[in-house]
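Chain by chain, the residues:
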Amino acid sequence: MKHLRLASALVAGLSASAVLADAPKMGGTAKVVIGSDILGTQPGVARDSGTDMILHHIFEALVAYDDNLEVQPMLAESWEISDEGKTYTFKLREGVTFHNGAPLTSADVKWSWDRWLDPETGWGCTYWYDGSEALKIEAIETPDPQTVVFRLNIPSGLFLAQMANFQCMTAIAHSDSVGADGTWSTPIGTGPFKLGEWKKGVSVTLSKNPEYSPAPGEKSGFAGARIAYLDSVEFLTVPEIATAMAGLRSGELHVVTDINATQETELKTAENVEVQSGPGLEWSALLLNVTDPVMKDRNMRLAVAHAIDFNGLALAVTRGASGYNAAPFSSQSVYHGEVQKGGYTRDLDKVKELLAAANYDGTPLKIQTSRRYDVFYQTAVIIQAMLGEAGIKADLEVLEWPAHLDNYFNGNFQISSFGYSARTDPVMNYWSIIGPREESPAYQWHDKEIYGMTFKAAAEVDPAKRQAIFDTIHSKMIAEAPTLNLFNSVNSAAVNSALEGYEIWPGNKPRLWGTWLTE
């Protein structure tokens, strides 16, 4: 029995000794593999996925996503939305303290946000809130120590989702985190762990925060109770996966994430290792360059679409874990409804009609891909075969990952097997695809009307009205085929049996609160 959730369900049938054996134990150090060192300790400034993950153990925001991808309170106890979506008022949770012992107040929230919004800080998502994308925080008010008011220039149905996003933490930090000259010094947050030691290039050790005040509710995503049973967590930089797998089997390491199918099969043979997998938020796509001389023809793009068996492709690449998803956001989203289930079906007769309408002369198409991510390469190989069966010859152009990525950003491809990192609101996902080409060739769809609709969805606070907008965008996207969304990622992790309570979740970021060592 590996999970606390399962333990709760089965506890009635177990003996008293078994119950005690499954109860969380205090103490010990869990060792978790990271592929590369963190980039810094200031949230959202020098960042990547691994850096974000570790800082989520140190810092908390006003709100957080749960397992169901719904925004829940974290440092906020509650909030109210008024002034037709232009004013957000948060009540802070009582009894929260920072790692230095100082109590959390509204002044700390304002200090933190003022720092993130200051262009001099270099925070990665300032543009979300400074008017660059329409939304602007016009004022942050602190009418009393437990109340914070955000006043926006326009109504926003996206504000809470942006606050809870995974990439640019809206961390609430104590002002002692910076030195007298204003430069970032040390991370002082409210989280269940605090920074112990950072051996650059080697490891980051977090120590338990003994004064931590958990939020109510069970652990769920980044929300709920973040109870630290461990004395410490050591995140070790282990670039070689073979070394990490050996350490996992020997018990020297406890968690290795993002394993591929081959590694998963190998690790499943180890008696002391459990492999976990589940649906993720990242998504794969086949990008069809609408500015390419051939692919700019909608008939040609639709011919490619109807040549693909999308569900067969998804099941093959994800080892049966994920099916076809025609939308660019997770099927677990509350906005993924019946309309979003509509996509393309394989129809080889229709392919012939579309190819004729496009005056296709048989010149092979070129699919760019790379081997940095197995899923990109596997997808390209299978699609190449499916296109061949449909009478569309395609060649693979296998590049090194930096070149593949650079070509994506510059629009230098005809077709590209690609993927996007996790985002949690459909607007954020669509903003990865839709936009003016003159601003970035990375935008795949340049429809001004649809682009404008994304901003309406961002401003809309009524879920039903947002759903209607997303439905319209999806239907138009299927009709125009500027890019073909394929399937969501599969999150995976291998866990040594000495560590209990570890669970993967759609956010795909390890969480070491709520875990404990049995040995």
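As the structure is a computational prediction, the values presented were derived from the model and not from experiment. (Residues numbered from 1 in each chain as written. Predicted model: local features only at pLDDT ≥ 70, side-chain atom pairs only at ≥ 80, totals over all residues. Heavy atoms only, no water.)

Take the state of the cysteines next. Within this structure, the stated rule accounts for 1 disulfide. Each disulfide pairs two cysteine sulfurs, and for C125 the partner residue is C168, the sulfurs being separated by 2.1 Å. Negative torsions about the S-S bond denote left-handed disulfides, and the value of about 65° found for C125 with C168 makes this one right-handed. Of this pair, C125 sits in the loop between α4 (106-117) and β6 (137-144) while C168 is found in the loop between α5 (159-163) and β8 (193-199), placing the two residues 43 residues apart along the sequence. (Disulfide = S-S within 2.5 Å. Helix = DSSP H or I, 4+ residues; strand = E, 2+ residues; numbered from the N terminus.)

On to the packing of helix α9 (residues 310-317) against helix α11 (residues 374-389), then. For any two helices packed against each other, the geometry comes down to the angle between their axes and how far apart the axes lie. Remark: α9 packs on α11, axes separated minimally by 10 Å, with the N-to-C direction vectors making an angle of 145°. As α9 packs across α11, the resulting crossing turns out to be right-handed. When α9 is examined against α11, the residues L313, A316 and V317 are found in contact with a partner set consisting of V375, Q378, T379, I382, I383 and M386. A per-class count over the contact of α9 with α11 returns 7 nonpolar, 2 polar and no charged. (Axes fitted to C-alpha atoms, helices over the stretch in contact; angles between N-to-C directions. Left-handed = near helix turned anticlockwise from the far one by under 90°. Contact = heavy atoms within 4.5 Å. Nonpolar A, V, L, I, M, F, W, Y, C, P; charged D, E, K, R; others polar.)

Spatially, 4 strands are ordered β4-β5-β7-β6 in an open sheet, and the strand pairing comes out antiparallel. Every other strand in the sheet has two partners, leaving β4 (76-82) and β6 as the edge strands with one partner each. Strand-to-strand twist of the sheet, defined as the mean angle between neighbouring strand axes without regard to direction, takes the value 20°. Pairing analysis gives 5 bridges linking strand β5 (residues 87-92) to strand β7 (residues 147-152), with the strands arranged antiparallel. Considered in β7, the bridge of T89 is made with V149. (Pairing = 2+ DSSP bridges.)

What helix α12 (residues 401-410) keeps buried is the set W401, H404, N407 and Y408. Taken end-on, α12 shows its buried residues confined to a sector of 130°, consistent with a single buried face. In the core, the buried residues of α12 are packed alongside β12 (273-288), β13 (365-370), α11, β14 (394-399) and β15 (415-420). A positive backbone phi angle near 70° is found at G411, which sits one or two residues after α12. (Buried < 20%, exposed > 50% of the residue type's maximum accessible area, 1.4 Å probe, protein only. Arc of directions from axis to C-beta.)

A separate point is the packing of aromatic side chains. Tallied over the full model, the rule gives 37 aromatic pairs. Both rings, one in F376 and one in W401, keep their centres 5.9 Å apart while their planes meet at 45°; by these two values the pair is tilted. Of this pair, F376 sits in helix α11 while W401 sits in helix α12; the two residues are 25 residues apart in sequence, bridging distant segments of the chain. With respect to burial, F376 and W401 carry one shared label: buried. (Phe/Tyr/Trp six-rings, centres within 6.5 Å; stacked < 30°, edge-to-face > 60°.)

Attention shifts here to the pairing of β7. Strand residues, when the strand is regular, have side chains that alternate between the two faces of the sheet. Among the 6 residues of β7, 5 are classified as buried, and the element is accordingly described as predominantly covered. Summarising the sheet, β6 and β7 pair through 5 bridges and their orientation is antiparallel. Its bridge partner lying in β7, D144 is registered against T147. Counted between consecutive antiparallel strands, the loop separating β6 from β7 contains 2 residues.

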